[in-house]
Amino acid sequence: MTDPLVAATGLHKAFGRTVALRGASLTIEPGERVAITGPSGSGKSTLLQCIAGVIAPEAGTVTFDGTRVDALSADDRTRLRRREIGLVLQFGRLVPELTALENVALPLLLERRDRHASATVARGWLAHLGVEECAESLASDLSGGEGQRVAIARALITAPKLVLADEPTGALDTVGAERTMQVLVEATGDIGAALVVVTHDNRVAAFADREVVLRDGRTDAAKVVA
Ligand SMILES: Nc1ncnc2c1ncn2[C@@H]1O[C@H](COP(=O)(O)OP(=O)(O)O)[C@@H](O)[C@H]1O
Ligand SMILES: [Mg+2]
């Protein structure tokens with residue numbers, strides 16, 4: 001048995017009087033594909049943000065690749081996330097004033113990598129995801145499906161060990177959702193990263209090896225879907 005990539009145990013998180021997580025736990029193996037499902041408000045996004053180190057839980061532990069993420073300072077969590085974790089969100093969350101190419105290159109520029117080399121790598125990722133022709137378009141001018149491919153390229157450009165996607169197809173129609181999931185799963189597999197997808201959609205969950213259901217901030221039994 002190898003060590004898990006992520007081990008989150010007994011997570012508690014409240015926002016004021018709203019309790020979002022009440023003892024949720026999740027283990028992710030290297031290269032594994034996991035779907036997190038459950039009703040709206042059940043704590044899915046909060047769980048993902050705890051794993052990403054965007055927010056710190058009030059109780060419980062998150063270990064990423066041997067590092068206790070919950071014990072790090074906010075700055076160290078940000079550094080770890082930039083290097084090791086790719087995030088894909090519902091509406092892409094691209095920077096609207098930047099081109100697709102600039103958006104994809106951004107994680108490398110934040111790591112102080114050379115501007116020209118970063119642009120070359122970014123162009124390669126856009127081509128890999130089938131949206132090279134969008135390189136010079138402003139992010140605000142992209143269609144929903146194009147924007148999500150650009151967001152996937154941006155998430156993968158640092159070759160993270162873990163990709164976290166929160167409702168990545170939430171703004172797309174059925175065909176667009178299916179294609180985006182195919183691209184996300186393939187590209188994540190190409191770099192050997194684990195993939196965790198939060199979704200309402202059974203067809204999206206079907207791309208995962210395993211489904212974890214959240215209810216009222218608690219993780220129920222995991223069921224195998226594929
Ligand atoms: N930043 C926040 N401030 C206040 N309440 C929040 C915040 N984030 C989440 N919540 C609340 O925590 C609960 C869980 O939210 P969330 O994790 O977004 O659920 P899901 O992603 O499953 O819909 C909800 O009741 C939500 O309103
Ligand atoms: Mg959510």
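As the structure is a computational prediction, the values presented were derived from the model and not from experiment.

## Some details on the nonpolar core
Part 1 of the argument: By size, the foremost hydrophobic cluster in this structure holds 35 residues, and its most contacted members are Val-104, Leu-129, Val-150 and Leu-184.
Part 2 of the argument: The set of elements that each furnish at least two residues to this core consists of helix H3 (100-110), helix H4 (115-128), helix H5 (144-156), strand S7 (162-166), helix H6 (174-190) and strand S8 (194-198).
Part 3 of the argument: Broken down by element, the residue count for this core peaks at 6 residues, all from H5.
Part 4 of the argument: With residues near it in sequence (within four places) discarded, Val-104 still touches Ala-122, Trp-125, Leu-126, Val-150, Ala-153, Arg-154 and Ile-157.
Part 5 of the argument: Formed by 28 residues, the second largest nonpolar core is a distinct cluster that contains Ile-51, Val-69, Leu-162 and Val-196.

## Brief notes about the pattern of salt bridges
Part 1 of the argument: Under the counting rule described, the total for this entry stands at 9 salt bridges.
Part 2 of the argument: The closest approach of N and O atoms between Glu-32 and Arg-210, which form a salt bridge, is 2.7 Å. Within this pair, whereas Glu-32 is found in the loop between strand S2 (18-28) and strand S3 (33-37), its partner Arg-210 is found in strand S9 (residues 210-215), the two being separated by 178 residues in sequence.
Part 3 of the argument: Judged by relative accessible area, which is 13%, Glu-32 ranks as buried.

## Here's the deal with the site of ligand 1
Part 1 of the argument: Residues in contact with ligand 1, as listed here, are Phe-15, Thr-18, Ala-20, Pro-39, Ser-40, Gly-41, Ser-42, Gly-43, Lys-44, Ser-45 and Thr-46.
Part 2 of the argument: Within the contact set of ligand 1, an oxygen atom lies 3.2 Å away from a backbone nitrogen or oxygen of Ser-42.
Part 3 of the argument: Measuring from an oxygen atom of ligand 1, one finds a side-chain N or O atom of Ser-45 at 2.9 Å.
Part 4 of the argument: Contact with the protein chains covers 58% of the free accessible surface of ligand 1, which is 560 Å².
Part 5 of the argument: Ranked by residue count, the leading element in the shell around ligand 1 is helix H1 (residues 44-52), at 3 residues.
Part 6 of the argument: Considered class by class, the residues forming the shell around ligand 1 number 3 nonpolar, 7 polar and 1 charged.

## Concerning unusual backbone geometry
Part 1 of the argument: Of note in the backbone geometry, Glu-167 takes a positive phi value of approximately 45 degrees without being a glycine.
Part 2 of the argument: Summarising the element assignment, Glu-167 is placed in the loop between S7 and H6.
Part 3 of the argument: With a phi angle near 55 degrees, Asp-216 is a residue other than glycine that sits in the positive phi range.
Part 4 of the argument: Turning to its location among the elements, Asp-216 is positioned in the loop between S9 and strand S10 (218-224).
Part 5 of the argument: For Asp-216, a relative accessible area of 55% corresponds to the exposed category.

## Thoughts on the environment of Glu-32
Part 1 of the argument: Each C-alpha atom, one on Glu-32 and one on Gly-189, is 9.2 Å from the other, the two residues being 157 residues apart in sequence.
Part 2 of the argument: For Glu-32, the side chain forms a polar contact with the main-chain nitrogen of Glu-29, separated by 2.9 Å.
Part 3 of the argument: Here the side chain of Glu-32 touches Arg-210 through a polar contact of 2.7 Å, side chain to side chain.

## A closer look at the packing of aromatic side chains
Part 1 of the argument: A complete count under the given rule lists 0 aromatic pairs for this structure.
Part 2 of the argument: Of note, Lys-13 hangs over the ring of Phe-15, and the distance from its end group to the ring centre comes to 5.4 Å.

## Points about H5
Part 1 of the argument: Here H5 contains 13 residues, and its C-alpha end-to-end distance of 18 Å stays within 8% of the 18 Å for a straight helix at 1.5 Å per residue.
Part 2 of the argument: For H5, the tally of buried residues reaches 10 of 13 residues, placing the bulk of the element in the interior.
Part 3 of the argument: All of the buried residues in H5 are Gly-147, Gln-148, Arg-149, Val-150, Ala-151, Ile-152, Ala-153, Arg-154, Ala-155 and Leu-156.
Part 4 of the argument: Buried residues belonging to H5 abut strand S6 (85-88), H3, H4, S7 and H6.

Conventions adopted
- Residue numbers restart at each chain and count upward from 1, following the sequence in its written direction.
- Both sets of labels track the order of writing: A upward for chains, 1 upward for ligands.
- Local features in this predicted model are restricted to residues of pLDDT 70 or higher, and side-chain atom pairs are both shown and tallied only at a pLDDT of 80 or more, whereas totals for entire chains, interfaces and linings draw on every residue.
- Hydrogens are left out, water is left out, and the side-chain values use all remaining heavy atoms of the structure.
- Working definition of a nonpolar core: buried Ala, Val, Leu, Ile, Met, Phe, Trp, Tyr and Cys residues. They are joined through side-chain atoms within 4.5 Å.
- Under the scheme applied here, a residue whose accessible area is under 20% of the maximum for its type counts as buried, over 50% as exposed, and between as partly exposed, the area being computed with a 1.4 Å probe on protein chains only.
- A run of H or I in DSSP counts as a helix once it spans at least four residues, and a run of E counts as a strand once it spans at least two, with each numbered from the N terminus.
- The contact rule is simple, with two residues in contact once any of their heavy atoms fall within 4.5 Å.
- What counts as a salt bridge is simple: a side-chain nitrogen of Lys or Arg found within 4 Å of a carboxyl oxygen of Asp or Glu.
- What makes a residue near a molecule or strand is one non-hydrogen atom of that residue sitting within 4 Å of it.
- Think of a polar contact as two N or O atoms within 3.5 Å of one another; within protein, one of them needs to be a possible hydrogen donor and the other a possible acceptor, and neighboring residues in sequence only count if both atoms come from side chains.
- Residue exposure ignores everything except the shown protein chains as possible cover, and the areas themselves are Shrake-Rupley values with a 1.4 Å probe.
- In this classification, Asp, Glu, Lys and Arg are treated as charged, Ala, Val, Leu, Ile, Met, Phe, Trp, Tyr, Cys and Pro as nonpolar, and every other residue, Gly included, as polar.
- What counts as a ring pair is set by centres within 6.5 Å for rings of Phe, Tyr and Trp (its six-membered ring), and what kind of pair is set by the plane angle: stacked under 30 degrees, edge-to-face over 60, tilted for all other angles.
- The criterion for a charge sitting over a ring is simple: Lys NZ or Arg CZ within 6 Å of the ring centre, and within 35 degrees of the ring normal.
- Each residue after the first adds 1.5 Å to the expected span of a helix.

That is the geometry; function is a separate question.
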